[in-house]
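Structure at a glance
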Amino acid sequence: MYDCSHQRVPVIGHLFVGKTSITNRIISNSFFDTVSTTGVQDQIKSYIRNGQEIKVQFWDTAGQERFRSLIPSFLRGAQCVLIVYSIIDEDSFNSIDEFRQLVEELVENPNSKIILCANKEDLRLSYTKPISKDRGQELANKYGWRFVSVSAKTGLGIEDLENDILQIIMDGQTNQIVTNTIQDIDSEKKKESSQDCC
C-alpha cells in the first residue's frame, strides 16, 4: 500500500526555463505566460495507481540566485526531484551540475531519484542551435537519472514525465517497505539471540 500523504517533488533549475509552466501543465493541463516565480510555490495533484491514491506536492522554486537559499528546505526528504533546463538556453544546461550537487548534498533520502527535464521542445525546429536530446540523455545516463523532453506549451511529453514521477515514488515506497521489513527481522533475530544466551 502506498502512503497517500503528500509526496514532495521539488522543481528546480535555472531561471526562465519554464518550471512554473511545467507545473501548471501538470496540475491543470493548461499553459499561459507567467512571470518569474518569487520564492517557492506549491501545488498538489492526486493520482490513483493500483487502486491507491497518491498525492504529489509539486514545489515550484525560483531560479534567481537571490532565492537559492530557500531551496534546501524543500529538497530534504524529497523522493523525486525535477531538474529543468531549456533546450534554447545553454546557460541553463550548464547550470545542471550546480543543481545536481545541491540535491546530492541536501535530499537526505536514499531512495530519492532525479529526473532531468528538457523543456521548450516546441521551439526545437525554429531555433538555430537547440541543445540536442542526445546531450540531455548522455548527461542523464552519466548520473543514472531518468530523462524526459517536454513542451509545457503544447503538453508534449508531460504524461511521460508524470508517469516517471509516479514510478519513482512507488518504487521508493516499495524499497522503504522492504528496508523496514529487513530491519524488523534483524531486530527479532537479535531479541531471540539475546534470549538464548540468557
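Just above sits the structure.
About the thresholds
Residues numbered from 1 in each chain as written. Predicted model: local features only at pLDDT ≥ 70, side-chain atom pairs only at ≥ 80, totals over all residues. Heavy atoms only, no water. Pairing = 2+ DSSP bridges. Helix = DSSP H or I, 4+ residues; strand = E, 2+ residues; numbered from the N terminus. Axes fitted to C-alpha atoms, helices over the stretch in contact; angles between N-to-C directions. Core = buried A, V, L, I, M, F, W, Y, C linked by side-chain atoms within 4.5 Å. Buried < 20%, exposed > 50% of the residue type's maximum accessible area, 1.4 Å probe, protein only. Contact = heavy atoms within 4.5 Å.

Re the sheet that holds strand 3 (residues 52-61)
Strand order in the open sheet made by the 6 strands is 2-3-1-4-5-6, with mixed pairing throughout. The outermost strands of the open sheet, each flanked by one partner alone, are strand 2 (40-49) and strand 6 (146-149). Between one strand and the next, the sheet's axes are offset by a mean angle of 25°, whatever the strand orientation. Relative to strand 3, strand 2 is paired through 10 bridges, and the arrangement is antiparallel. Opposite V40, over in strand 3, you have T61 as the bridge partner.

Observations regarding the nonpolar core
Ranked by internal contacts, the top residues of the largest apolar core, which has 24 residues, are V56, L82, L161 and I165. Considering every element that reaches this core, the biggest residue donor is helix 6 (residues 158-197), with 7 residues. Apart from residues lying up to four places away in sequence, L82 is in contact with V9, P10, V11, I12, I115, L161 and I165. If you look at the next biggest cluster of nonpolar residues, it comprises 22 residues, including I83, I114, L116 and A118.

What about the pairing of strand 1 (residues 7-13)?
Burial of strand 1 is extensive: 6 of the 7 residues sit out of reach of the surface. Pairing of strand 1 with strand 3, which is carried by 5 bridges, proceeds in the parallel orientation. Each bridged residue has a counterpart across the sheet, and for P10 the counterpart in strand 3 is W59.

Looking at helix 1 (residues 19-28)
Counted residue by residue, helix 1 has 8 buried out of 10 residues, so it is predominantly covered. Among the residues making up helix 1, those that are buried are K19, T20, S21, I22, T23, N24, R25 and I26. After helix 1 finishes, the residue N29 shows a positive phi value of roughly 55°.

Brief notes about the environment of L106
With respect to the helices and strands, L106 occurs in helix 4 (residues 96-106). Along the chain, L106 and P72 lie 34 residues apart, while their C-alpha atoms are 6.3 Å from each other. Excluding residues that lie within four positions of it along the chain, L106 makes contacts with P72, L75 and R76.

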